[in-house]
Amino acid sequence: MPYASGSRAQLNYVPEVEWGTTPETPSMKKVRYTTESLAGSIEQLQSNEIRGDRMIAAVSRGAVDVRGSFNFEFSYGALDAFLEGALWNTWDETKKVTAATISLDQASKTITDSGNGLGAFEVGDVIRVSDSVSNDGYYTVATAASGSLVTVEAMADEGSGTSITISCEFLKAGSVQKSFTIEKWFADIAKGAVFTGCLVDTLSLEIRPNAMITGSLGLSGKSQSFTSSPLGSPSAVASNDPFEGSDNSMMVKEGGTVIALVASVTLNLANNLNAVYTLGSNSKADISEGRSNLTGSLSALFQDLTLLNKWLDKTPSSLDLRIPDADGNQYRIYIPNIEFSGSTPQVGGENEIMLDMPFQALLDETLGSQILISR
């Protein structure tokens, strides 16, 4: 008799239009994951009746709860829908222009559009140049105007005439609910579990040298059912290799300055979801969102007092991560307003001394968010 094996198990998902309702003809997509713990539970309520014979009189069924998480190796494009769910917002793709009037100047590091089509871009944007002759790649905007962008990075001279695309797709924290139906399918026995109304409660990322960048997504859902029929034939998501913490092109900026000898960066985002139950149903009537709370930690070799003094003096700072892969894809994770906490360095032996600097992300009034992710 066949039995289920983890090597044949697959998570699939589809975004919901209405919370807790699977689309009639769902276009399922595969989830790239390493381990998962998504499960439904039903609370058992035990009667407190005293009978005189020491026996339990009855039990009844209480509330249904769907919770769990899946762990992943972070790669470009594979989790973009869940990043939307984690930040409660939608990727903004409005910063994009394609024109044959664009030219690039090496000496001044300037991208010029004689058609003045660059007005949507802002200082700090990480833009992607594509379809050029010799300048495809990523550039950071230092000065912005409708007719020109001055960048931090160098480029090659290139005249107009070729249709070039300049784009910057980004995601900020917001209040737009993004829910999913998630299917856990066991292919070797053709059985599965379906979870509806799944919202992203937590997101974590861990970046370390000599390791793939990993993370976890925590979910809270409405209901669970079991099935012998899959919801559909899931299509694959982006198959890019996972990002790697020792990539030579990776960059970490603290306070706007590249910081060397960083040992690790961790990020933890919590949406503080709360289940809402009402009389007449054991399923969740709603899942209310709390505040979007982003915390993290920066660990670096102890070289000077810069970070310690920022903690001691309550000096605001920022964190800017550029995460590339071997194919030229890149995410920028920008946290513009952080405050450090920490502790005095201690000697635990003869090895290197580390600074472990936890931080709290706060609202940046200009950005209108505590985090910006560009792709």
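Quick note: structure is the one above.
Throughout this document, residue positions are counted from 1 along each chain, in the order its sequence is written. In view of the model being predicted, local features appear only for residues whose pLDDT reaches at least 70, and side-chain atom pairs are presented and counted only at 80 or more, with totals across whole chains, interfaces and linings using the full set of residues. Computation of side-chain values: all heavy atoms of the structure, hydrogens and water removed.

A. Representation of the layout of surface pockets within the structure. Its volume calculated, the largest pocket comes out at about 410 Å³. The distinction between a cavity and a pocket rests on a 1 Å grid over the protein atoms alone: a 1.4 Å probe fits inside a cavity but cannot get out, while a pocket stays open yet meets protein on both sides within 12 Å along at least five of seven lines, and a residue with an atom within 4 Å of a point counts as lining. Together, 20 residues line the largest pocket, and Val123, Gly124, Tyr334, Leu367 and Leu372 are the ones closest to its centre. A run of DSSP states H or I qualifies as a helix once it reaches four residues; a run of E qualifies as a strand once it reaches two. Both are numbered from the N-terminal end. Listed by contribution, the elements that provide at least two residues to the lining of the largest pocket are β12 (164-172), β23 (317-324) and β24 (330-340). Grid points are joined across faces, edges and corners, and a volume is the space filled by probe spheres set on the points. Taken as a whole, the second largest pocket encloses approximately 330 Å³ of empty space. What lines the second largest pocket is a set of 20 residues, among which Tyr13, Pro15, Ala81, Glu84 and Phe180 lie closest to the centre. Going through the elements one at a time, β1 (9-15) and α1 (80-87) are the ones with two or more residues in the lining of the second largest pocket. For this scheme, ten residues count as nonpolar: Ala, Val, Leu, Ile, Met, Phe, Trp, Tyr, Cys and Pro. Four count as charged, namely Asp, Glu, Lys and Arg, and the remainder, Gly too, count as polar. Looking at the lining of the second largest pocket, its residues break down into 10 nonpolar, 4 polar and 6 charged.

B. Molecular detail of empty space enclosed by the protein. In this structure the tally under the stated criterion is 1 cavity of 30 Å³ or more. Approximately 110 Å³ is the volume attributed to the largest cavity. Counting residues per element, the ones that place at least two in the lining of the largest cavity are β14 (191-207) and β19 (262-270). Looking at the lining of the largest cavity residue by residue, the class counts come to 10 nonpolar, 2 polar and no charged.

C. How the structure looks around the packing of aromatic side chains. Stacked, tilted and edge-to-face are the three classes assigned to paired rings of Phe, Tyr and Trp, where Trp is represented by its six-membered ring and a pair needs centres within 6.5 Å; plane angles under 30 degrees give stacked, over 60 edge-to-face, the rest tilted. For the structure on display, the rule yields 11 aromatic pairs. On the numbers, 5.8 Å between centres and 70° between planes, the contact of Phe243 with Tyr331 is edge-to-face. Residue Phe243 is located in the loop between β16 (223-227) and β17 (251-254), and its partner Tyr331 is located in strand β24; the two are separated by 88 residues in the primary sequence. For Phe243, a relative accessible area of 0% corresponds to the buried category. Ring plane angle 85° and centroid distance 6.4 Å describe the contact between Phe340 and Phe359, whose orientation is recorded as edge-to-face. Taken together, the positions of Phe340 in strand β24 and Phe359 in strand β25 (residues 354-361) put the pair 19 residues apart, joining distant regions of the chain. Relative accessibility decides the category of a residue: with a 1.4 Å probe and only protein chains considered, values under 20% of the type maximum give buried, values over 50% give exposed, and everything between is partly exposed. Residue classification places Phe359 among the buried residues on the basis of a relative accessible area of 4%. Following the ring pairs from residue to residue traces out a cluster consisting of Tyr13, Phe70, Phe72, Phe74, Tyr76, Phe82, Phe180, Phe243 and Tyr331. We count a charge as sitting over a ring when the NZ of a lysine or the CZ of an arginine lies within 6 Å of the ring centre and within 35 degrees of the ring normal. The ring of Tyr334 carries the charged tip of Arg332 above its face, separated from the ring centre by 4.3 Å. Lying across the ring of Trp91, Arg375 places its NZ or CZ 4.1 Å from the centre.

D. Spotlight on the side chain of Gln330. Relative to the elements of secondary structure, Gln330 occurs in strand β24. Working rule for contacts: check all heavy atoms of both residues, and any pair within 4.5 Å makes them a contact. Excluding residues within four positions of it along the chain, Gln330 makes contact with Tyr76, Val126, Tyr138, Arg322, Ile323, Pro324, Ser374 and Arg375.

E. A look at the environment of Glu18. Relative to the helices and strands, Glu18 resides in the loop between β1 and β2 (29-30). Looking at Glu18, the relative accessible area reads 54%, which means it is exposed. Once the C-alpha coordinates of Glu18 and Gln177 are considered, the two residues, 159 residues apart in sequence, prove to be 9.9 Å apart.

F. Examining the pairing of strand β11 (residues 148-151) more closely. Covered by surrounding structure in β11 are Leu149 and Thr151 only, the residues Ser148 and Val150 on the alternate face being uncovered. Pairing between two strands requires that DSSP report at least two bridges joining them. As paired elements, strand β8 (residues 110-113) and β11 share 3 bridges and run antiparallel to each other. Bridging from a neighbouring strand, Thr112 pairs with Ser148 of β11. In textbook terms, the turn of a hairpin is the stretch between consecutive antiparallel strands, and for strand β10 (residues 137-144) and β11 this stretch comprises 3 residues.

G. Broad picture of unusual backbone geometry. With a phi close to 55°, Asn116 is a non-glycine residue in the positive phi region. Residue placement: Asn116 occurs in the loop between β8 and β9 (126-130). In the Ramachandran plot, Asn272 falls in the positive-phi region, its phi being about 55° despite a non-glycine side chain. Summarising the element assignment, Asn272 is placed in the loop between β19 and β20 (274-276). Exposure remark for Asn272: the relative accessible area of 41% places this residue in the partly exposed category.

H. Spatial organisation of the pattern of salt bridges. In the sections that follow, a salt bridge refers to a side-chain nitrogen of Lys or Arg positioned within 4 Å of a carboxyl oxygen of Asp or Glu. Scanning all chains against the criterion turns up 14 salt bridges. A salt bridge links Glu93 to Arg375; the nearest nitrogen and oxygen atoms lie 2.9 Å apart. Of this pair, Glu93 sits in strand β6 (residues 92-99) while Arg375 sits in the segment after β26 (372-374), and the two are 282 residues apart along the sequence. By relative accessible area, Glu93 is classed as partly exposed at 46%. With a closest N to O distance of 2.8 Å, Asp125 and Lys95 form a salt bridge. Taken as a pair, Asp125 in the loop between β8 and β9 and Lys95 in strand β6 lie far apart in primary sequence, 30 residues in all. Assigned by exposure class, Asp125 and Lys95 land together as buried. Each of Asp80, Glu93, Glu169 and Arg375 takes part in one network of salt bridges that share partners.

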